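An overview of the molecular structure
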Amino acid sequence: MRVLEQRILRDGKVRPGGVLKVDGFLNHQMDVELFGQLAKQWHAAFAGDNVNKILTIEASGIGLACIAAQEFGCPVLFAKKSKTKNIDGSVYTTRVESFTHGNVYDVIVAREYLLPTDRVLLIDDFLANGAALEGLCDLVRQAGATLVGAGIAVEKCFQPGGARLRAAGLRIESLARIKSMSDSALEFMD
Ligand code: 5GP
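Residues numbered from 1 in each chain as written. Predicted model: local features only at pLDDT ≥ 70, side-chain atom pairs only at ≥ 80, totals over all residues. Heavy atoms only, no water.

1. Remarks on the environment of Ala-45
Quick note on the threshold: Strands are runs of DSSP state E lasting at least 2 residues, helices are runs of H or I lasting at least 4, and numbering of each runs from the N terminus. Think of it in three bands: with a 1.4 Å probe and only protein chains considered, a residue is buried below 20% of the maximum accessible area for its type, exposed above 50%, and partly exposed in between.
Here Ala-45 is to be found in helix H2 (residues 32-46). Assessed through its relative accessible area of 25%, Ala-45 is described here as partly exposed.

Put into structure tokens, the structure is as follows:
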């Protein structure tokens, strides 16, 4: 069994509504040594792809993205939640529907940091319905940059995001793939 799957079985908690709490090691308190192991797995998967920028979304993807960026030797850009209108056209904007909070919000990146010459790897903690990742894909598309793929820590395969985005051509490397989850049992994909 993979290292992240073992950790989820040990320290993860299943909450009502199909939410997995991993606050003890992934997105509140962060186990940086574990992050280093995950980063190495993403680097092995995308080593030949000349990634020169990592893009993630505020807030819980940032820690993972930073450790991944050390492996790739490139900067991290995070899409910021924003209430400001794009008055001067200096940012790319997209809308994201939050799975965990049930609301819709705008995220932005400054045009000067996402360039047509960039080869972008997306990193995020979870893939569920796929809205967060789709928003990031949209920002890359707006910039005319090359989308290399996505590195995800936990994919909840019983939600539709992964299948839809793969069908649309996105390469996704998920390091723990949950097939099903209930209070009493958590099963991973083979
Ligand atoms: P999606 O947009 O794919 O539906 O959800 C992705 C985002 O929602 C992730 O960035 C993550 O922050 C949050 N998320 C989705 N499912 C879970 C979950 O089961 N547990 C936690 N902690 N966050 C989740």
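On we go from here.
2. Quick notes on helix H4 (residues 131-143)
To keep it simple, the criterion reads: Any helix carries an expected span of 1.5 Å times its number of residues minus one.
Between its first and last C-alpha atoms H4 spans 19 Å; for 13 residues at 1.5 Å apiece the expected length is 18 Å, and the two agree. If you check which residues of H4 are buried, you get Leu-133, Gly-135, Leu-136, Cys-137, Leu-139, Val-140 and Ala-143. In the stretch just after H4, Gly-144 is the one whose phi turns positive, near 75°.

3. Quick look at the pattern of salt bridges
If charged atoms from side chains of opposite charge come close, those side chains can pair. Rules: In the sections that follow, a salt bridge refers to a side-chain nitrogen of Lys or Arg positioned within 4 Å of a carboxyl oxygen of Asp or Glu.
Tallied over the entire structure, the rule returns 14 salt bridges. Between Asp-11 and Arg-7 there is a salt bridge whose closest N-O contact spans 2.7 Å. One end of the pair is Asp-11 and the other is Arg-7, both in helix H1 (residues 3-11) and four residues apart, which spans about a single turn. Residue classification places Arg-7 among the buried residues on the basis of a relative accessible area of 16%. Salt-bridge contacts for Glu-187 lead to Lys-179; the nearest nitrogen and oxygen are separated by 3.6 Å. Through salt bridges with shared partners, one network takes in Arg-7, Arg-10, Asp-11 and Asp-31.

4. Notes on the sheet that holds strand E8 (residues 146-156)
Stated formally: Any two strands are treated as partners once DSSP identifies two or more bridges connecting them. Axes, fitted as lines to C-alpha atoms, cover a helix only where it is in contact. Angles between the N-to-C directions of the axes lie from 0 to 180 degrees. Whether two residues are in contact is decided by their heavy atoms: any pair within 4.5 Å suffices.
Taken in spatial order, the eight strands line up as E5-E6-E4-E3-E7-E8-E9-E10 in an open sheet, and their pairing is mixed. The open sheet terminates on both sides in strands that have one partner only, identified here as strand E5 (91-97) and strand E10 (186-188). Between one strand and the next, the sheet's axes are offset by a mean angle of 30°, whatever the strand orientation. Relative to E10, strand E9 (residues 172-181) runs antiparallel, the two sharing three bridges. Of the residues in E10, the one forming a bridge with Ile-178 is Phe-188. Lying over the sheet, H2 contacts strand E7 (119-127), E8 and E9, oriented at roughly 140° with respect to E8. Where helix H3 (residues 62-72) meets the sheet, it contacts strand E3 (53-57), strand E4 (76-82), E7 and E8, and its direction lies at approximately 175° from that of E3.

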